[in-house]
Amino acid sequence: MSVYQGTFYARVIQFTDSSDNTAVDITGWTFRAMFRDAVSDADDLFELTTGNGGFTITDATGAQVRMSLSPEQTLLLPVGKVHFDVLRTDGSNGDTYLFGGTIRVRQPVTRDE
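So, here's what we can say about the structure. Quick caveat, the model's predicted, so the values are computed rather than measured.

## Points about the sheet that holds strand β3 (residues 31-36)
- Read from one edge to the other, the open sheet built from five strands follows the order β1-β8-β7-β3-β4, with strand pairing classed as mixed. For this open sheet the edge positions go to β1 (2-4) and β4 (46-49), each flanked by a neighbour on one side alone. Going across the sheet, the axis of each strand differs from the next one's by a mean of 30 degrees, ignoring polarity.
- Two strands pair when backbone bridges link them, and β3 and β4 are joined in this way by four bridges, in the antiparallel orientation.

## Concerning the pairing of strand β5 (residues 55-59)
- As judged from the four bridges shared by β5 and strand β6 (residues 64-69), these two strands associate in the antiparallel manner. Its bridge partner lying in β6, Ile-57 is registered against Val-65.
- The turn joining β5 and β6, which pair antiparallel and follow one another in sequence, is formed by four residues; a positive phi near 65 degrees is taken by Ala-63.

## What to know about the packing of aromatic side chains
- The full count for this structure, using the stated rule, is seven aromatic pairs.
- With centroids separated by 6.1 Å and ring planes inclined at 50 degrees, the aromatic side chains of Trp-29 and Phe-31 adopt a geometry described as tilted.
- We classify Trp-29 as buried; its relative accessible area is 12%.
- Phe-31 gets classed as buried once you look at its relative accessible area, which sits at 2%.
- Connected via pairs of aromatic rings, a cluster forms that spans Phe-15, Trp-29, Phe-31 and Phe-55.

Definitions and cut-offs
- Residues numbered from 1 in each chain as written.
- Predicted model: local features only at pLDDT ≥ 70, side-chain atom pairs only at ≥ 80, totals over all residues.
- Heavy atoms only, no water.
- Pairing = 2+ DSSP bridges.
- Helix = DSSP H or I, 4+ residues; strand = E, 2+ residues; numbered from the N terminus.
- Axes fitted to C-alpha atoms, helices over the stretch in contact; angles between N-to-C directions.
- Phe/Tyr/Trp six-rings, centres within 6.5 Å; stacked < 30°, edge-to-face > 60°.
- Buried < 20%, exposed > 50% of the residue type's maximum accessible area, 1.4 Å probe, protein only.

See below:
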């Protein structure tokens, strides 16, 4: 996935049961993600949570959540690759790692100077 600096970005994520590929009810789930220039960096670039609007459940029984980055947040991302992971934070056993990866950050060609 590519994110362009200074632009809004959103991705809908759907959770399915790996045994039968059916949607998992995510009612009441909360999420947290940190974005870092390098995995080993001590400081994150920014953090997304359910509480700060970074994650919005769009269809709980259909297992869909939207992860959103504001234009101000994407401006903080350096051009190149940025690392992130997503945790479920409402579980009784503590935080649960769901998935992670890298995103490619690009500078838009069409922009105001």
